Amino acid sequence: MASEKAVALVSGGMDSAVAAALTKEKGREILALSFDYGQRHRVELEAAARVAAWLGAAEHKTIRVGLDQIGGSALTDDLEVPKDGPSCGIPITYVPSRNIIFLSIGLSWAEAAGAREIVIGANALDYSGYPDCRGEFIDAFQEVAQKGTKAGMEGKAPLVVAPLLEMSKARIVIEGQRLGLDFGITSSCYDPSPTGKPCGKCDSCRLRAKGFAEAGLSDPLVIP
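Residues numbered from 1 in each chain as written. Predicted model: local features only at pLDDT ≥ 70, side-chain atom pairs only at ≥ 80, totals over all residues. Heavy atoms only, no water.

Next up on the list: the environment of Asp182. Structurally, Asp182 is set in the loop between helix 6 (169–178) and helix 7 (203–215). Between the C-alpha atoms of Asp182 and Val51, which are 131 residues apart in sequence, the distance is 9.2 Å. Within the local environment of Asp182, its side chain forms a polar contact with the backbone nitrogen of Gly184, the two atoms lying 2.8 Å apart. (Helix = DSSP H or I, 4+ residues; strand = E, 2+ residues; numbered from the N terminus. Polar contact = N/O pair within 3.5 Å; in protein donor to acceptor, adjacent residues only side chain to side chain.)

Shown next, in the form of structure tokens:
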């Protein structure tokens with residue numbers, strides 16, 4: 001019997017890698033989906049390709065979405081990436097409606113491919129304050145999938161799955177180690193050097209460091 005398929009959003013970061021690996025562990029055939037959205041930290045696209053290969057994805061698509069043409073974020077505009085600790089409110093690294101767009105394209109592929117799930121590495125505990133990483137958002141998008149697709153009208157809407165939603169970063173690190181993920185193939189930094197070296201100071205680097213420290217493990221991307 002053929003495995004059920006799952007479209008997994010793979011950014012190149014450790015969260016999406018662990019989320020996809022947990023999905024593969026359930027016996028799903030992984031269809032990896034990445035996005036070139038004009039992000040300044042383009043090394044994550046190379047990381048996404050490495051992660052998809054490690055997962056043994058049946059297919060890996062990288063789709064161009066020109067969010068840099070819209071702007072409004074330090075990840076797509078010529079704006080300084082904050083490096084002075086957590087900010088109040090929603091940070092400037094938030095990309096307007098990014099996860100809505102990504103999940104919509106994921107839903108399109110899932111419906112066309114007959115995939116059972118759409119997997120996203122959203123995390124509502126150790127996160128940067130993004131509104132599209134909360135359980136309320138995941139639930140709302142599930143309703144969209146049910147009411148706005150042919151599959152949904154037939155009672156077969158793909159399930160929107162966020163396996164890391166209530167995990168701490170430390171737990172994510174521990175799960176990744178258990179699953180055999182080499183964290184050295186991932187990239188989390190919002191403002192890496194041209195060679196991909198993490199800055200160590202942006203919110204994403206700080207959260208990653210916190211996770212490894214609390215898990216009692218060393219991050220292979222950090223050279224002592």
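Residues that lie three or four places apart on an α-helix share one face, since the helix turns once every 3.6 residues. If you check which residues of helix 6 are buried, you get Lys169, Ala170, Ile172, Val173, Glu175 and Gly176. On the buried face of helix 6, the contacting elements are helix 1 (14–25) and helix 7. A positive backbone phi angle near 85° is found at Gly180, which sits one or two residues after helix 6. (Buried < 20%, exposed > 50% of the residue type's maximum accessible area, 1.4 Å probe, protein only. Contact = heavy atoms within 4.5 Å.)

Turning next to helix 1. Across its 12 residues, helix 1 extends 16 Å between first and last C-alpha, which sits within 8% of the 16 Å expected from 1.5 Å per residue. Of the residues trailing helix 1, Gly27 is marked for its positive phi of about 100°. (Expected span 1.5 Å × (residues − 1).)

Turning to the sheet that holds strand 5 (residues 159–161), a few remarks are in order. Overall, parallel pairing links the five strands, which are arranged 3-2-1-4-5 in an open sheet. The open sheet has two edge strands, strand 3 (59–64) and strand 5, and neither has a second partner. Going from strand to strand, the sheet's axes swing by 25° on average, the running direction of each strand aside. (Pairing = 2+ DSSP bridges. Axes fitted to C-alpha atoms, helices over the stretch in contact; angles between N-to-C directions.)

In this description, an aromatic ring pair is defined by two values, namely the gap between the centres and the angle between the planes. Evaluated as defined, the whole model comprises five aromatic pairs. Between Phe137 and Phe141, the aromatic rings sit 6.4 Å apart at their centres with planes inclined by 45°, giving tilted as the arrangement. Taken together, the positions of Phe137 and Phe141, both in helix 4 (residues 135–147) and four residues apart, correspond to about one turn of that helix. What makes Phe137 buried here is its relative accessible area of 12%. Judged by centre distance (5.1 Å) and plane angle (80°), the ring pair of Phe183 and Phe212 falls under edge-to-face. (Phe/Tyr/Trp six-rings, centres within 6.5 Å; stacked < 30°, edge-to-face > 60°.)

Our focus in this paragraph is the pairing of strand 1 (residues 5–9). Successive side chains on a regular strand alternate, one facing one side of the sheet and the next facing the other. Most of strand 1 sits inside the fold, with four of its five residues counted as buried. As paired strands, strand 1 and strand 2 (residues 29–36) are joined by five bridges and run parallel to one another. Looking across to strand 2, one finds that Lys5 is bridged to Glu29. What joins strand 1 to strand 2 is helix 1, and the crossover it makes is right-handed. Relative to strand 4 (residues 117–119), strand 1 is paired through three bridges, and the arrangement is parallel. From the neighbouring strand, Val7 faces strand 4, where its bridge partner is Ile118. (Right-handed = clockwise from strand over helix to strand, strands pointing away.)

Turning our eyes to something else, we now look at the packing of helix 3 (residues 98–113) against helix 4. Helix 4 packs onto helix 3 with a crossing angle of 40° between their chain directions and a minimal axis gap of 11 Å. As helix 3 packs across helix 4, the resulting crossing turns out to be right-handed. Across the interface between the two elements, Asn99, Ile100, Leu103, Ser104 and Leu107 from helix 3 touch Phe137, Phe141 and Ala145 from helix 4. Considering only residue class, the contact of helix 3 with helix 4 consists of six nonpolar, two polar and no charged. (Left-handed = near helix turned anticlockwise from the far one by under 90°. Nonpolar A, V, L, I, M, F, W, Y, C, P; charged D, E, K, R; others polar.)

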